[in-house]
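# Residue-level structure breakdown
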Amino acid sequence: MTAASPLILAAPHPAALTAARRAAERGGNAVDAALAAAAALTVVYPHQCSLGGDLIALVHAPGGSVRAVISVGAAAEAVDVDALRAADERMPAQGPQTVTVPGVVAGWAALAEAHGTPGALAAALRDAGELAEQGATVSAGLARAIRERAPQIAADPGLTALLTGPGGAPLDEGDPLPQPQLADVLRTLADDPSSFYRGAVAEALANGLRRAGSSLTASDLAAHQAENVEPLTLDVAGTRWWTAPPPSQGASLLALLETAASVVKLPEPERTDALASRCQDASAARDLLLGDPLGPSPIDLDGLLHPAPLAGARPPEPPFRPAGDTVAITAVDASGLAVSLIQSVYQTFGSGICDPETGIVLHNRGSAFSLLPGHPALIGPGLRPPHTLCPVLGRSAELLLAAGCQGGRAQPQILAQTVPDLMDPAADPAAVLDRPRWVIGARDIGHETQTLLAEPGSVPAGAFPSAVPVVVAPGRTDPAGHTQAVRLSAGGRLDGASDPRADGGTTLEGSSL
């Protein structure tokens, strides 16, 4: 069987591409292929995404409408904020108190119901269960994460069982990665995805969370629902951009895309200097203003979309310990159905907890909450943390683009350096993603103070954001992000690229174009 509509998909791992091909061969559309890839990634990339993480996606329907699916889990109803404050002025970076309700599975189900082919998600979950049962192999990226997080892995029985071999040695690239408990969960979800929140899987997961020391309960899991909401939009330079609203940091990306369009005709190094300076403004605004719009205080959306200039002032220190590890999947088919789907466990291996009974790695998205009274991101019962996941769609008269990236808090910076050029129909997507990039951050990119981390050749001589030191990396670096991008031209041409910093690629299915 061939795909009902030719499609192209970009993802960061070969197993995701294989899963997408199977979905397309069954007649699936772009969303079906993306969901198949997403399910496979929870098996082969446990350091970056899991059934125990969150999901944010944007979908462009064939008729041109765009919706955001936000499946971001909340803190426990029984969360003890006073106890957290007594322990530290900041949220813990990892551990059981950082686990919020995982939203990935509900997000998959919402996408499948609204845009998928009947039965496609169930088939994808069975394929993922087979992959987990037979044992995927350890990729280069996972092997790096195992080496870098060895103490964290050794401290958790579930991660130790998952990521060490029979002799107790850490798994290395090419080693088998069998996950029989996760395989059972995926097969259960294929029959009934809601069982993750109200059923056998929910019961097992709630028991595991309790044993790990989390205050999340079965009632917290049962209360979760994915949102289908209006995205944020920006019209600039002949392109309409869509991003996800709060608690996503999508508004920060729109602020940077507006700046990128305004400085495009400036000579270097002024152009890079202006964009880099604006990145600091947008990051500072996000750290001060982003939170849960369902919380007790309104979110200053205008302040996020039009961040106040720092004007050389020192950026505020984030009220939480930032970090990020994420996978982006993008797909578009010839009908004009396009999706940018991002799922994540936040830090590498999330909370540092893998539930032994289910094989699910649990995220630490709660570490992004604030403990400062009055802050928009203040943790509270049933509230959601501010979110780094930042999918983007762009459309002009000539082109439809779906893009997303790994990169934690720097995702808007990374996308602002790539997606405007990807909107040029003559641009080669692979060449755009291969270009050297820079990011500005502090602890989230491995520095104690605000620093511009530059890949060689990314910062022209003389480009120097005020008061920010520049550190040149020896080569490509993961903090500069793993971007996935696919496009559909007005003439029906499909193309795209996967970031060379990742382990993946693209697949073009059912196309004679």
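See above for the structure.
Reading guide: rules and limits
Residues numbered from 1 in each chain as written. Predicted model: local features only at pLDDT ≥ 70, side-chain atom pairs only at ≥ 80, totals over all residues. Heavy atoms only, no water. Helix = DSSP H or I, 4+ residues; strand = E, 2+ residues; numbered from the N terminus. Rg over C-alpha atoms; globule rule 2.2 N^0.38 Å. Buried < 20%, exposed > 50% of the residue type's maximum accessible area, 1.4 Å probe, protein only. Contact = heavy atoms within 4.5 Å. Areas by Shrake-Rupley, 256 points an atom, 1.4 Å probe, with all protein chains shown as cover. Salt bridge = Lys/Arg side-chain N within 4 Å of Asp/Glu carboxyl O. Axes fitted to C-alpha atoms, helices over the stretch in contact; angles between N-to-C directions. Parallel < 35°, antiparallel > 145°, perpendicular 65-115°, else oblique. Left-handed = near helix turned anticlockwise from the far one by under 90°. Nonpolar A, V, L, I, M, F, W, Y, C, P; charged D, E, K, R; others polar. Pairing = 2+ DSSP bridges. Expected span 1.5 Å × (residues − 1). Core = buried A, V, L, I, M, F, W, Y, C linked by side-chain atoms within 4.5 Å.

## Re the overall build of the protein
A tally of regular secondary structure across the protein gives 17 helices and 20 strands. The C-alpha radius of gyration computed for the protein amounts to 21 Å, which stays within 12% of the reference 24 Å derived for 513 residues, consistent with globular compactness. With the principal axes as the frame, the protein shows a C-alpha extent of 60 × 60 × 45 Å. Going through the 513 residues of the protein one by one, you find that 61% of them count as buried. Taking the contacts inside the protein whose residues are at least 6 apart along the sequence as the reference set, 71% of them involve residues at least 24 apart. For the protein, the exposed area adds up to about 18000 Å²; of that, 54% sits on carbon and sulfur atoms.

## Describing the pattern of salt bridges
Counted under the stated rule, the structure contains 26 salt bridges. Here Asp82 and Arg85 are joined by a salt bridge, their closest N and O atoms 3.9 Å apart. Here Arg85 and Asp82 lie together in helix 3 (residues 81-87), a separation of three residues that amounts to about one turn. Owing to a relative accessible area of 58%, Asp82 belongs among the exposed residues under this scheme.

## Quick notes on the packing of helix 2 (residues 30-44) against helix 5 (residues 120-134)
The N-to-C vectors of helix 2 and helix 5 enclose an angle of 25°; their axes lie 9 Å apart at closest approach. When the axis of helix 2 is compared with that of helix 5, the two are roughly parallel. Viewed along their axes, helix 2 and helix 5 form a crossing whose handedness is right-handed. Each of Asp32, Leu35, Ala36, Ala39, Ala40, Val43 and Val44 in helix 2 lies in contact with helix 5, whose residues at this interface are Ala120, Leu121, Ala124, Leu125, Ala128, Leu131 and Ala132. Class assignment for the residues of the contact of helix 2 with helix 5 results in 13 nonpolar, no polar and one charged.

## What about the environment of Ala30?
Mapping Ala30 onto the fold places it in helix 2. Judged by relative accessible area, which is 0%, Ala30 ranks as buried.

## Quick notes on the pairing of strand 8 (residues 239-243)
Along strand 8, four of the five residues are buried, which leaves the element largely enclosed by surrounding structure. In this structure, strand 7 (residues 232-236) lies alongside strand 8, joined through five bridges in antiparallel fashion. Across the sheet, Leu234 pairs through a bridge with Trp241, a residue of strand 8. Hairpin remark: strand 7 followed by strand 8, antiparallel, with two residues in the connecting loop; positive phi at Ala237, about 50°. Where strand 8 lies against strand 13 (residues 392-395), four bridges are found, and the strand directions are antiparallel. Bridged to Trp241 within strand 13 is Gly394.

## Some details on helix 10 (residues 200-212)
When the terminal C-alpha atoms of helix 10 are compared, their 19 Å separation across 13 residues agrees well with the 18 Å that a helix rising 1.5 Å per residue should span. Looking at helix 10, one finds that the buried residues are Val201, Ala202, Ala204, Leu205, Ala206, Gly208 and Leu209.

## Points about the sheet that holds strand 15 (residues 438-441)
Read across the open sheet, the three strands follow the order 15-16-17; overall the sheet is mixed. Of all the strands in the sheet, the pair left with one neighbour each is strand 15 and strand 17 (470-472). On average, each strand axis in the sheet is tilted by 25° relative to the strand beside it, whichever way the strands run. Alignment of strand 15 against strand 16 (residues 451-454), held across four bridges, turns out to be antiparallel. Each bridged residue has a counterpart across the sheet, and for Ile440 the counterpart in strand 16 is Leu452.

## Considerations on the nonpolar core
Membership of the largest hydrophobic core comes to 64 residues, with the highest contact counts inside it found for Leu9, Leu51, Trp108, Leu111, Phe196, Ile329 and Leu341. If one sorts the elements of this core by residue count, helix 2 sits on top with 11 residues. Leu253, Leu254, Val432 and Leu433 belong to the second-largest nonpolar core, a separate cluster that totals 32 residues.

## Considering the sheet that holds strand 8
Read across the sheet, six strands follow the order 7-8-13-14-18-19 without closing on themselves; strand pairing throughout is antiparallel. At either end of the open sheet lies a strand with only one pairing partner, and these are strand 7 and strand 19 (494-498). In this sheet, neighbouring strand axes are inclined to one another by 15° on average, regardless of whether the strands run parallel or antiparallel. Pairing of strand 14 (residues 399-405) with strand 18 (residues 483-489) involves seven bridges; the strand directions are antiparallel. By the bridge assignment for strand 18, Gly404 is matched with Gln484. Relative to strand 7, helix 12 (residues 250-262) is tilted by about 0°, and along the sheet it contacts strand 7, strand 8 and strand 13.

## Some words on the pairing of strand 16
Alternating positions in strand 16 separate into two faces, Thr451 and Leu453 on one and Leu452 and Ala454 on the other, with burial throughout. Strand direction decides the pairing type here: strand 16 and strand 17, joined by three bridges, are parallel. Paired with Ala454 across the strands is Val472, a residue of strand 17.

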